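Structure assessment
Residues per chain, in single letters:
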Amino acid sequence: VQLVESGGGLVQPGGSLRLSCAASGFAFSRYDMSWYRQAPGKERELVASITSASGSTNYADSVKGRFTISRDNAKTTVYLQMNSLKPEDTAVYYCNVVYGVSRRPYWGQGTQVTVSS
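Residues numbered from 1 in each chain as written. Predicted model: local features only at pLDDT ≥ 70, side-chain atom pairs only at ≥ 80, totals over all residues. Heavy atoms only, no water.

As a further point, take the state of the cysteines. A complete count under the given rule lists one disulfide for this structure. Across a sulfur-sulfur distance of 2.2 Å, cysteine 21 and cysteine 95 are joined as a disulfide pair. Because the torsion about its S-S bond is -85 degrees, the bridge between cysteine 21 and cysteine 95 counts as left-handed. Placement of cysteine 21 in strand 3 (residues 17–24) and of cysteine 95 in strand 9 (residues 91–99) is noted, with a sequence separation of 74 residues between them. This pair shows no difference in class: cysteine 21 is buried, exactly as cysteine 95 is. (Disulfide = S-S within 2.5 Å. Helix = DSSP H or I, 4+ residues; strand = E, 2+ residues; numbered from the N terminus. Buried < 20%, exposed > 50% of the residue type's maximum accessible area, 1.4 Å probe, protein only.)

What follows is the structure, given as structure tokens:
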């Protein structure tokens with residue numbers, strides 16, 4: 001299992017970024033996918049998730065209405081569109097899949113998002 005995030009960077013408050021997570025090594029279309037984030041000194045938290053079958057989505061209250069998770073099964077990629085970014089969105093963002101019989105979580109290397117003027 002390999003997850004590779006990209007698309008992070010420095011953006012001003014109110015701006016937008018689109019994160020991508022390229023997945024490989026497993027049957028991507030069969031698995032729910034998630035984005036987490038971890039800010040300095042804080043625990044990692046779930047930002048958004050998307051199911052494998054129906055593509056149903058779930059969001060943390062703090063990002064509802066601003067972030068959109070989506071997936072392209074043909075490209076084995078999951079995206080996180082982030083709009084109206086706030087300084088408190090500053091964190092390292094991680095892609096996640098819980099895989100296999102053991103239900104082991106896999107993580108990418110993370111991509112830094114910094115929201116600052």
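Let's shift gears to the pairing of strand 7 (residues 67–72). The alternating pattern of strand 7 places Phe67, Ile69 and Arg71 on a buried face and Thr68, Ser70 and Asp72 on a face that is not buried. Across six bridges, the pairing between strand 7 and strand 8 (residues 77–82) is antiparallel. The residue of strand 8 that forms the bridge with arginine 71 is valine 78. Hairpin connection, strand 7 to strand 8: the antiparallel pair is bridged by four residues, and threonine 76 has positive phi, about 45 degrees. (Pairing = 2+ DSSP bridges.)

Below, the discussion takes up the packing of aromatic side chains. In the structure shown here, the tally under the stated rule is seven aromatic pairs. Seen from their ring centres, tyrosine 31 and tyrosine 99 are 5.2 Å apart, and the 45 degrees between their planes marks the pair as tilted. Here tyrosine 31 is found in the loop between strand 3 and strand 4 (33–38), whereas its partner tyrosine 99 is found in strand 9, with 68 residues between them in sequence. Owing to a relative accessible area of 26%, tyrosine 99 belongs among the partly exposed residues under this scheme. With a centroid separation of 6.3 Å and an interplanar angle of 85 degrees, the aromatic rings of tyrosine 94 and tryptophan 107 are classed as edge-to-face. In this pair, tyrosine 94 is assigned in strand 9 and tryptophan 107 in strand 10 (residues 104–107), connecting sequence segments 13 residues apart. Residue tryptophan 107 is classed as partly exposed on the basis of its relative accessible area, which comes to 35%. Following the ring pairs from residue to residue traces out a cluster consisting of Phe26, Phe28, Tyr31, Tyr99 and Tyr106. Of note, arginine 44 hangs over the ring of tyrosine 94, and the distance from its end group to the ring centre comes to 3.8 Å. (Phe/Tyr/Trp six-rings, centres within 6.5 Å; stacked < 30°, edge-to-face > 60°. Lys NZ or Arg CZ within 6 Å of the ring centre and 35° of its normal.)

Pairing is antiparallel in the open sheet, where four strands are placed in the order 1-3-8-7. Unpaired on one side and paired on the other, strand 1 (2–6) and strand 7 mark the two borders of the sheet. Across the sheet, the mean angle from the axis of one strand to that of its neighbour is 15 degrees, orientation sign disregarded. Direction of pairing for strand 3 relative to strand 8: antiparallel, over a ladder of six bridges. Opposite alanine 22, over in strand 8, you have threonine 77 as the bridge partner. (Axes fitted to C-alpha atoms, helices over the stretch in contact; angles between N-to-C directions.)

Interpretation in functional terms is not warranted from these geometric data alone.
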